[in-house]
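The lines below spell out each chain.
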Amino acid sequence: MKSISPVLLCFVFILLISCQQEQGNYTTVHQKGRYIYGIWKAPKKEIVSNVIPIVSNKIRSNSSNNPINKPLPYITTAAPELLLPKNEETDDWVHAGTPSTYNTDTLYYDRFVSPDIYYKYGFQRQAEVEYHSPKHRSIPLILVEVFDMGSPENAFGIYSVYSYSHQDFEWIGCKAIISPRYIRFWKGKYFVQIESYEIATPIRSGMIELAKVIATNIKDTPKEIPLFNLLPTPHINGSEKYFTNNWTLRFIDKSLPKIIPELTDGTVGISAKYYDKQNKNSLNPYTVFLLHFPDVSKAESAFSVFRTDLMTDKITIIDSINGGITINEQLIKQ
């Protein structure tokens, strides 16, 4: 067997050391006008230098005469119980009982389900009813829930809690998440959740039929949250998140850095995940985020507090270009 040249071994060793030095877990945070934006968990510093200018340019090009965070309009205002499919609206599925309703004081009080995340997203009212099919079996097989979340943004927000990459999606409402036991979608100011008690093809067909009836009853045109136009494209499908406070942000992303900017009242945030384009085998996506504050002073204050918190925690800032902050989370002592 031929021996490996010492020169080649030296070259490979240097290459490996170089790669290890390049690899990291980079967080970068910048502030421009009403916005704080940046990246969490970038594997290479090169990603920071490539992505941040894209977001910065999008913010700069956004006209102040066309507020990108203007609330989405909605048409349908019906109580959730009025949107539940009636017996005559489906071919085989009928109510297995009387619809129930929950308000802001009673949501899920009788179940082992925490309603906290719904409250954080502005929950107003919920209605639900079980369905059965005499054609199949006369026992409840499907539960349909319709939530009035108060606004389209809140409806998308609670929808985004359940949305992740590598799921199946179908164009019901604004977009439906399809899993073995659930269908979830949002449209207008409503979030809809449909659960099957058993997994079977006829039940799945019934769930889709019920979902389409509700989507038709909600007369709003499917829309997107305008703030996402400020993020780079394309992102990983299904990775979009919308949040209004740090509690919801940490609820939907358990892998966040220890120190993150504080969302003040009236602030909304978005994020999406991306793969390293230079590494097609990468399994660890990074997150690009953007926070929109009510005014410039609040954004500046939040950014200043973030910088102070880093210094207080003795976290080394490895770069501070154009007012932004970049740190390597791998260098932080736990």
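Each value, and the rule that gives it
- Residues numbered from 1 in each chain as written.
- Predicted model: local features only at pLDDT ≥ 70, side-chain atom pairs only at ≥ 80, totals over all residues.
- Heavy atoms only, no water.
- Salt bridge = Lys/Arg side-chain N within 4 Å of Asp/Glu carboxyl O.
- Helix = DSSP H or I, 4+ residues; strand = E, 2+ residues; numbered from the N terminus.
- Buried < 20%, exposed > 50% of the residue type's maximum accessible area, 1.4 Å probe, protein only.
- Core = buried A, V, L, I, M, F, W, Y, C linked by side-chain atoms within 4.5 Å.
- Pairing = 2+ DSSP bridges.
- Phe/Tyr/Trp six-rings, centres within 6.5 Å; stacked < 30°, edge-to-face > 60°.
- Lys NZ or Arg CZ within 6 Å of the ring centre and 35° of its normal.

Explain the pattern of salt bridges here, please?
Any two side chains of opposite charge can pair, on the condition that their charged atoms come close. Inspection of the entire model under this criterion finds 9 salt bridges. Across the salt bridge formed by Lys189 and Asp148, the nearest N and O atoms sit 3.1 Å from each other. In this pair, Lys189 is assigned in the loop between β9 (182-187) and β10 (190-196) and Asp148 in strand β6 (residues 137-148), connecting sequence segments 41 residues apart. On the basis of relative accessibility, which here comes to 9%, the residue Lys189 falls in the buried class. One salt bridge in this structure joins Arg181 and Glu195, with 2.8 Å as the shortest N-O distance. Linking Arg181 in the loop between β8 (176-178) and β9 with Glu195 in strand β10, this pair joins segments that are 14 residues apart in sequence. A network of salt bridges, in which partner residues are shared, links Lys44, Glu46 and Asp276.

Which parts of the structure should I look at to understand the nonpolar core?
Across soluble globular proteins, nonpolar side chains have a tendency to be buried as a group. Counting 65 residues, the largest nonpolar core has Ile39, Tyr118, Tyr121, Leu227 and Leu290 as the members making the most contacts within it. With 26 residues, the next largest nonpolar core counts Trp93, Ala127, Leu141 and Ile203 among its residues.

What is the right way to look at the pairing of strand β12 (residues 268-274) in this model?
For β12, the tally of buried residues reaches 6 of 7 residues, placing the bulk of the element in the interior. With 3 bridges joining them, strand β11 (residues 241-243) and β12 adopt antiparallel strand pairing. Across the sheet, Tyr242 pairs through a bridge with Ile270, a residue of β12. Both β12 and strand β13 (residues 286-292) contribute to a ladder of 7 bridges, which runs antiparallel. Looking at the pairing, Lys273 lines up with Thr287 of β13.

Got a minute to help me understand unusual backbone geometry in this structure?
Note: most peptide bonds trans; most residues except glycine with negative phi. Of note, the amide linkage connecting Thr233 to Pro234 takes the cis form, showing an omega dihedral of -5°. Its location among the elements puts Pro234 in the loop between α5 (201-217) and β11. One non-glycine residue, His166, lies in positive phi territory at about 65°. A positive phi angle, close to 60°, is found at Lys314, a residue other than glycine. Here Lys314 shows up in the loop between α7 (296-312) and β14 (325-328).

Sorry, what's going on with the packing of aromatic side chains here?
Describing an aromatic ring pair means giving the distance of the ring centres and the angle of the ring planes. Tallying each qualifying case throughout the model produces 14 aromatic pairs. Judged by centre distance (6.4 Å) and plane angle (80°), the rings of Tyr108 and Phe147 are edge-to-face. Linking Tyr108 in the loop between β4 (100-103) and α3 (116-120) with Phe147 in strand β6, this pair joins segments that are 39 residues apart in sequence. The class of Tyr108 is buried, set by a relative accessible area of 5%. Between Tyr274 and Tyr286, the ring centres sit 5.8 Å apart and the planes meet at 20°, which makes this aromatic pair stacked. Taken together, the residues Tyr274 in strand β12 and Tyr286 in strand β13 connect sequence positions 12 residues apart. We note that Tyr274, like Tyr286, is buried. Among the aromatic side chains, those forming a connected cluster through ring pairs are Tyr102, Tyr108, Tyr118, Tyr119, Phe123, Phe147, Tyr162 and Phe191. The ring of Trp247 has Lys120 sitting right over it, with the charged end atom 5.2 Å from the ring centre. Above the face of the Tyr162 ring, Arg184 is positioned so that its terminal group lies 4.0 Å from the ring centre.

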